[in-house]
Amino acid sequence: MMSCSIPVLTSNVSSMPEVVGDAGVLVDPLSVDDITEKLKFLYYDKKLRLQCINKGLEQCELFSWKSSAEKLYKVFQEVSEI
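Summary of the structure given here.

Basis of the calculations
Residues numbered from 1 in each chain as written. Predicted model: local features only at pLDDT ≥ 70, side-chain atom pairs only at ≥ 80, totals over all residues. Heavy atoms only, no water. Salt bridge = Lys/Arg side-chain N within 4 Å of Asp/Glu carboxyl O. Helix = DSSP H or I, 4+ residues; strand = E, 2+ residues; numbered from the N terminus. Buried < 20%, exposed > 50% of the residue type's maximum accessible area, 1.4 Å probe, protein only. Expected span 1.5 Å × (residues − 1). Arc of directions from axis to C-beta. Contact = heavy atoms within 4.5 Å.

## Overview of the pattern of salt bridges
In step 1: The final tally for this structure, using the stated rule, is two salt bridges.
In step 2: Here Lys55 ties to Asp22 by a salt bridge, and the two come within 3.1 Å at their closest N and O atoms. Taken together, the residues span a long stretch of sequence, with Lys55 in helix 3 (residues 46-61) and Asp22 in the loop between helix 1 (16-20) and strand 2 (24-27) at a distance of 33 residues.
In step 3: Residue Asp22 is classed as exposed on the basis of its relative accessible area, which comes to 51%.

Structural data, given as structure tokens:
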């Protein structure tokens, strides 16, 4: 969703905090109250929405196919030197 310029509301567990970074709003997935509160916050706060969209587009670059390929290539280079 971040790559589509959509602000992200996601779980604060598993790998999601790492993936989203500071480009989204994290919630307790087991708390309806927390999800509701933060969804309203994201909906009504235009500045926060725009910030999430802009940071989300930047965050996507860390997980692009190109970035992944470059990191994998670097690992292959390091392993081949051993």
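Right, picking up where we left off after that structure.
## Overview of helix 3
In step 1: With 16 residues, helix 3 ought to run about 22 Å at 1.5 Å a step, and its terminal C-alpha atoms sit 24 Å apart, in line with that.
In step 2: Where helix 3 is concerned, the buried positions are Leu48, Cys52, Ile53, Gly56, Gln59 and Cys60. Projected down its long axis, helix 3 carries its buried residues within an arc of 135°, all on one side. Turned more than 90 degrees away from the buried face of helix 3, the exposed residues are Lys46, Lys47, Glu58 and Glu61.
In step 3: On its buried face, helix 3 sits against helix 1, strand 2 and helix 2 (32-44).

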